[in-house]
Amino acid sequence: MRTRHSRRWTTCLVIAVVAGSAAGCGNSPETTSAPAPRPASDTRQPTEAERAAERAALAAYAGYLDASREASRDSDPRHPKLTRFLADPLLTRVRVAIDATRRHGAVRTGTLKSAPTVTAVSLDGDPPTVEIQDCLDATGYRLVYAKDKRVVPGSGGSRHLATATATRYPDGRWLISAGAAHEDQPC
């Protein structure tokens, strides 16, 4: 029988790892690398620098999903790919969530589908950022006990909105530094 504490960690991990902080393991995410269409009211064409930022940010986002999925599959909060695509404060949140999963003897399996789009580019900011919106489909993505592969109760996924911020660091790398799940907003 699962205790109230166990249900609470399961809920927190589902929210933190699957949807907003980290997308765990399984097959490769189905991501798009095309930028979001501009709103009809924005008739200005993006500059080449903005298009390059969009591509780099979406590549970092896809890498983030892959790396966190691999790390979650192995319950490895120190997975080396995490630092290639994530920065704090999101990096720490992802590591804490994956470590909590590991301590409870669970891993992630299945497929996480993604359809990200760029919603804003701010190259004049300090630091420069790109905002990303995604419709994450975690319906085939499960938290299971590593020992016997039983599904952790209450860990079912949904299709919902997620947002992320890609930040350009002084060394030129674009890293995902913030992310949030909006499970109350289906997509």
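Before any of the text, the structure's been laid out above.
As the structure is a computational prediction, the values presented were derived from the model and not from experiment.

Undergrad: What's the story with the overall build of the protein in this structure? I'm lost.
TA: When helices and strands are tallied, the protein shows 4 helices and 5 strands. Of the accessible surface of the protein, which amounts to about 9,200 Å², a share of 54% is contributed by carbon and sulfur atoms.

Undergrad: I would appreciate a short explanation of the nonpolar core in the present structure.
TA: Nonpolar side chains tend toward joint burial in soluble globular proteins. Within the largest apolar cluster, 29 residues are counted, with the highest numbers of intra-cluster contacts made by Tyr61, Tyr64, Leu82, Leu86, Val130, Ile132 and Ile176. Counting only elements with at least two residues in this core, the list comes to α2 (48-74), α3 (82-85), α4 (90-103), β2 (117-122), β3 (129-145), β4 (159-168) and β5 (174-186). Examining the composition of this core, we find that 9 residues originate from one element, α2, more than from any other. Not counting residues up to four positions away in its chain, the partners in contact with Leu82 are Ala67, Ser68, Ala71, Asp76, Pro77, Leu91, Val94, Arg95 and Ile98.

Undergrad: How should I be thinking about the pairing of β3 in this particular structure?
TA: In regular strands, side chains alternate between the two faces of the sheet. The element β3 is largely enclosed, with a buried count of 12 among its 17 residues. Pairing of strand β1 (residues 106-113) with β3 involves 7 bridges; the strand directions are antiparallel. Across the sheet, the residue bridging to Ala106 is Tyr145, located in β3. For β2 and β3, the ladder comprises 5 bridges, and the chain directions are antiparallel. Residue pairing across strands places Ala120 opposite Glu131, the latter belonging to β3. Where β2 folds back on β3, the antiparallel hairpin that results is connected by 6 residues.

Undergrad: Before we go on, may I ask you to explain the state of the cysteines in this structure?
TA: Every disulfide links exactly two cysteines, by a covalent bond between their sulfur atoms. Evaluation of the coordinates by the stated rule reveals 1 disulfide. Here Cys135 pairs with Cys187 through a disulfide, and the sulfurs are 1.9 Å apart. Because the sign of the S-S torsion sets the handedness, a value of about 90° for the bond joining Cys135 and Cys187 places this disulfide among the right-handed ones. With Cys135 in strand β3 and Cys187 in the segment after β5, the pair connects residues that are 52 residues apart, well separated along the chain. Exposure remark for Cys187: the relative accessible area of 38% places this residue in the partly exposed category.

Undergrad: What is the right way to look at α2 in this model?
TA: Residues spaced three or four apart along an α-helix face the same direction, because each turn holds 3.6 residues. Over its 27 residues, α2 extends 39 Å from the first C-alpha to the last, a length consistent with the 39 Å expected when each residue adds 1.5 Å. Residue Ser75 follows α2 closely and has a positive phi angle near 50°.

Undergrad: Teacher, can you tell me more about the packing of α2 against α4 here?
TA: Helix-helix packing is described using two parameters, namely the angle between the two axes and the distance between the axes. One can describe the packing of α2 onto α4 by two numbers: an axis separation of 10 Å at closest approach and a directional angle of 25°. Considering their axes alone, α2 and α4 lie roughly parallel with respect to each other. Here the hand of the crossing between α2 and α4 comes out right-handed. Contact residues: Tyr64, Ser68, Ala71 and Ser72 in α2; Leu90, Val94 and Ile98 in α4. Classifying every residue of the contact of α2 with α4 gives 5 nonpolar, 2 polar and no charged.

Reading the values: the criteria
- Residues numbered from 1 in each chain as written.
- Predicted model: local features only at pLDDT ≥ 70, side-chain atom pairs only at ≥ 80, totals over all residues.
- Heavy atoms only, no water.
- Helix = DSSP H or I, 4+ residues; strand = E, 2+ residues; numbered from the N terminus.
- Areas by Shrake-Rupley, 256 points an atom, 1.4 Å probe, with all protein chains shown as cover.
- Core = buried A, V, L, I, M, F, W, Y, C linked by side-chain atoms within 4.5 Å.
- Buried < 20%, exposed > 50% of the residue type's maximum accessible area, 1.4 Å probe, protein only.
- Contact = heavy atoms within 4.5 Å.
- Pairing = 2+ DSSP bridges.
- Disulfide = S-S within 2.5 Å.
- Expected span 1.5 Å × (residues − 1).
- Axes fitted to C-alpha atoms, helices over the stretch in contact; angles between N-to-C directions.
- Parallel < 35°, antiparallel > 145°, perpendicular 65-115°, else oblique.
- Left-handed = near helix turned anticlockwise from the far one by under 90°.
- Nonpolar A, V, L, I, M, F, W, Y, C, P; charged D, E, K, R; others polar.

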